[in-house]
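Listed below are the residues making up each chain.
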Amino acid sequence: MKSLFTALILVTAAAVPMTSMAADDNSTRRERNYIVDGNKLYRAERYADAEVAYRKALEIDAMNEIAQFNLAASLLRQGTSTGENEKQASQILGKLATDAEDTAISELAYYNLGNIAFNGQDYAKSIELYKNALRRNPDNDKARENLRLAQKRLEEQQNQDQNKDKNQDQQQDQNKDQQNQNKDQNKDQNQDQNKDQNQDKDKDKQQQPQQPQEQQQQQPQQQRQSGISKENADKILKAMENEENATRQRVNAERNKSGAPSRRPVTNPW
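Residues numbered from 1 in each chain as written. Predicted model: local features only at pLDDT ≥ 70, side-chain atom pairs only at ≥ 80, totals over all residues. Heavy atoms only, no water.

Peer 1: Which residues make up the pattern of salt bridges, and what values do they have?
Peer 2: As enumerated under the stated definition, the model contains three salt bridges in all. When the shortest N-O distance is used, the salt bridge between Glu 51 and Arg 55 registers 2.9 Å. Taken together, the residues Glu 51 and Arg 55, both in helix α3 (residues 47–60) and four residues apart, mark about one turn of the helix. The exposure class of Arg 55 is partly exposed, given its relative accessible area of 34%. Asp 141 serves as the salt-bridge partner of Arg 144, at 3.3 Å between the closest nitrogen and oxygen. Of this pair, Arg 144 and Asp 141 both sit in helix α8 (residues 141–207), three residues apart, roughly one helical turn. By relative accessible area, which is 54% here, Asp 141 ends up exposed. (Salt bridge = Lys/Arg side-chain N within 4 Å of Asp/Glu carboxyl O. Helix = DSSP H or I, 4+ residues; strand = E, 2+ residues; numbered from the N terminus. Buried < 20%, exposed > 50% of the residue type's maximum accessible area, 1.4 Å probe, protein only.)

Next up, the structure:
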């Protein structure tokens, strides 16, 4: 990926006419000196020390747009794992982009905000920021180059998102088809199991021994006999005994008439 740099406004100690020098008071000179010292430290990659120098200049004049911009640049160069420096720098640059009286500072503020968005892979946002920088300075070749690169990255990102969504849809369809297939297989297996169980049941029923025909015919009679109450059974037995006694009496009477000797019981042996 192409390296995106942070612009820095350098304030040089150029010669100043004597009349202007006489007009500068002590605070203005100290403010200018802090910015110059900060720029030297920045070029030496001593960004934390440069930050201190720029903050001292802002203590003298908090509205100094050059000191504000360079402070944001030194914060971005330091970076932190928590992103706190980038957050502070973005706040400073955002205010300068819209409120700076110097168009050049507004242009560079938009440019650096575009770099921040680009590095965060927010390409759509970076495109708009680079365009704002070019509106203030159409000759900013770095902003134009980064704009083209951001547009290309955005297109690639959109294609990746579309492919990702397409793959997700295909995966969901495949999962759905697999679920339906598993459901159909389970249904077929259950039907086969039920069929096998029914066949086994019919087979067991066929293998059970048949009762002999005689026993089958006797079962209703036994069931009818087992259905006679004890009272009815006693009555039937009593009637049979009475009929038997009457028959015995009739036979004995006929024997007496014919002179046949009556039977005697056998005596017990000694």
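So that's the structure; there's more coming.
Peer 1: Provide a residue-level description of the nonpolar core, including the pertinent values.
Peer 2: Core analysis: the largest hydrophobic core is formed by 40 residues, its most contacted members being Leu 93 and Leu 96. A total of nine residues in this core trace back to one element, the largest contributor, which is helix α6 (residues 103–119). (Core = buried A, V, L, I, M, F, W, Y, C linked by side-chain atoms within 4.5 Å.)

Peer 1: Residues and numbers for the side chain of Ser 106, please.
Peer 2: Summarising the element assignment, Ser 106 is placed in helix α6. Reaching out from Ser 106, the side chain makes a polar contact with the side chain of Arg 136 at a distance of 2.9 Å. Residues within four places of Ser 106 in sequence aside, it is in contact with Leu 96, Ala 97, Ala 100 and Arg 136. (Polar contact = N/O pair within 3.5 Å; in protein donor to acceptor, adjacent residues only side chain to side chain. Contact = heavy atoms within 4.5 Å.)

Peer 1: Please provide a residue-by-residue account of the environment of Ala 100, values included.
Peer 2: Looking at where Ala 100 falls in the secondary structure, it is placed in the loop between α5 (84–99) and α6. Looking at Ala 100, the relative accessible area reads 16%, which means it is buried. C-alpha of Ala 100 to C-alpha of Asn 64: the two residues are 36 residues apart in sequence and 9.9 Å apart in space. Once residues lying within four places of it in the same chain are set aside, the contact partners of Ala 100 are Glu 65, Lys 95, Ile 105 and Ser 106.

Peer 1: Before we move on, can you summarise α3 with the specific residues and values?
Peer 2: Look at α3: 20 Å from first C-alpha to last across 14 residues, which is about the 20 Å you get at 1.5 Å a residue. For α3, the complete set of buried residues consists of Tyr 47, Ala 50, Glu 51, Ala 53, Tyr 54, Ala 57 and Leu 58. Across the axial projection of α3, the buried residues extend over an arc of 165°, all falling on one side. Against the buried residues of α3 lie α2 (26–43) and α4 (65–78). (Expected span 1.5 Å × (residues − 1). Arc of directions from axis to C-beta.)

By themselves, these figures tell us nothing about what the structure is for.
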